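Inside the fold
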Amino acid sequence: MKPPILLKTILDVCFFLLLLSFIGAVFLTAMTTIFGSDFIPIELKGQTISELTPTAFVVILAELFIGGLLVYTIYILRKLIRNFFKGKLFTRYQIASLNLIGQLIIIITLGQGLIDFIATIFLEAKLRLGLEIDLSFTSFWFILAIGLFFIYLSKIFDNARIMKEENELTV
Amino acid sequence: MPIFVNLDIMLEKRQMKSTELAEKIGITTANLSILKTGKAKAVRFSTLESICRELACQPGDILKFREEE
């Protein structure tokens, strides 16, 4: 099977851009915490934070945590794709990685939804409940489905591993 | 697995070496060793046929079922 070079390149670029953004965000948050919100104005959910209240700080930290998880997910995915280059398929490492990626995607999606909900309550001081239909690939439900798909894919890989082992031990 | 392979006993009865049998039936000694040590998950009918032909025995002489404790 041909190695997925294009996929690896896209993930490499994606990973380094995300990592740079994450490091920048951590640096700016640290600066704002030290020198106050007047130093560099932070925008959160379309609102400029004029005063760094404990609530705003917690929301920013939660956003950074979710960002960190996203960087880690891409890192695992990148390592998994590199592992495919070795030519060995259905290994325990690949199964565990696929499962972990799926779980991380679900945690990130749910976490982001929760942060958005909490941020709207505390930062905009309003409660919003409703059903939104997002007709794009950034839809909450679509990303959740992708996470579940990765977990299911890990189960398929596990079944394939058992079948491969049985095939190798057939005399 | 409760299926036991009695290939060692049959080879001893026929005074044949593993390497000799492997060569005659056309499988590697490594695969024959997997079969002898009971690590094999499955045996092809063609392999069983070749073993039975070379050792002049029945499949039941090679494979035994024993209840696991």
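Scroll up to find the structure this text is about.
Here's what I pulled together on the structure shown here. (Residues numbered from 1 in each chain as written. Chains lettered and ligands numbered in written order. Predicted model: local features only at pLDDT ≥ 70, side-chain atom pairs only at ≥ 80, totals over all residues. Heavy atoms only, no water.)

Within the largest apolar cluster, 18 residues are counted, with the highest numbers of intra-cluster contacts made by B:L7, B:L21, B:L32, B:L35, B:I51, B:L55 and B:I62. Elements with a minimum of two residues in this core: α1 (7-13), α2 (18-25), α3 (29-36) and α4 (45-55) of chain B. Listed in part, the 14 residues of the second largest apolar core include A:F15, A:I74, A:I101 and A:F157. (Core = buried A, V, L, I, M, F, W, Y, C linked by side-chain atoms within 4.5 Å. Buried < 20%, exposed > 50% of the residue type's maximum accessible area, 1.4 Å probe, protein only. Helix = DSSP H or I, 4+ residues; strand = E, 2+ residues; numbered from the N terminus.)

Counting residues at the interface gives 4 residues for chain A, matched by 11 residues for chain B. Across the chain A/chain B interface, buried area totals approximately 730 Å², and carbon plus sulfur atoms make up 64% of it. It is A:L169, A:T170 and A:V171 that lose the most area in chain A upon contact with chain B, and together they represent 84% of the buried surface on that side. The interface formed by chain A and chain B contains 0 salt bridges. Our count for the chain A to chain B interface comes out at 4 residue pairs in polar contact (both at pLDDT 80 or more). Looking at the side of chain A that touches chain B residue by residue, the class counts come to 2 nonpolar, 1 polar and 1 charged. (Contact = heavy atoms within 4.5 Å. Buried area = accessible area lost by both parts, 1.4 Å probe. Salt bridge = Lys/Arg side-chain N within 4 Å of Asp/Glu carboxyl O. Polar contact = N/O pair within 3.5 Å; in protein donor to acceptor, adjacent residues only side chain to side chain. Nonpolar A, V, L, I, M, F, W, Y, C, P; charged D, E, K, R; others polar.)

For the rest of this paragraph, the subject is the pattern of salt bridges. All names here are of chain A. Applying the stated criterion to the full structure yields 9 salt bridges over all chains. A salt bridge links D12 to K8; the nearest nitrogen and oxygen atoms lie 3.2 Å apart. With D12 and K8 both in helix α1 (residues 5-35) and 4 residues apart, this pair spans about one turn of that helix. Take D12: its relative accessible area is 12%, and that puts it in the buried class.

Residues and elements named next belong to chain A. When the terminal C-alpha atoms of helix α4 (residues 140-168) are compared, their 42 Å separation across 29 residues agrees well with the 42 Å that a helix rising 1.5 Å per residue should span. Considered for burial, the residues of α4 that qualify are L144, G147, F150, I151, S154, F157, A160 and R161. Here the buried face of α4 lies against α2 (54-84) and α3 (92-123). (Expected span 1.5 Å × (residues − 1).)

Turning our attention to the packing of aromatic side chains. Residues and elements named next belong to chain A. For the structure on display, the rule yields 7 aromatic pairs over all chains. Ring centres 5.1 Å apart and planes at 65° place the aromatic pair F90 and F157 in the edge-to-face group. With F90 in the loop between α2 and α3 and F157 in helix α4, the pair connects residues that are 67 residues apart, well separated along the chain. Overall, the relative accessible area of 26% leaves F90 in the partly exposed class. You can call F157 buried: its relative accessible area is 13%. (Phe/Tyr/Trp six-rings, centres within 6.5 Å; stacked < 30°, edge-to-face > 60°.)

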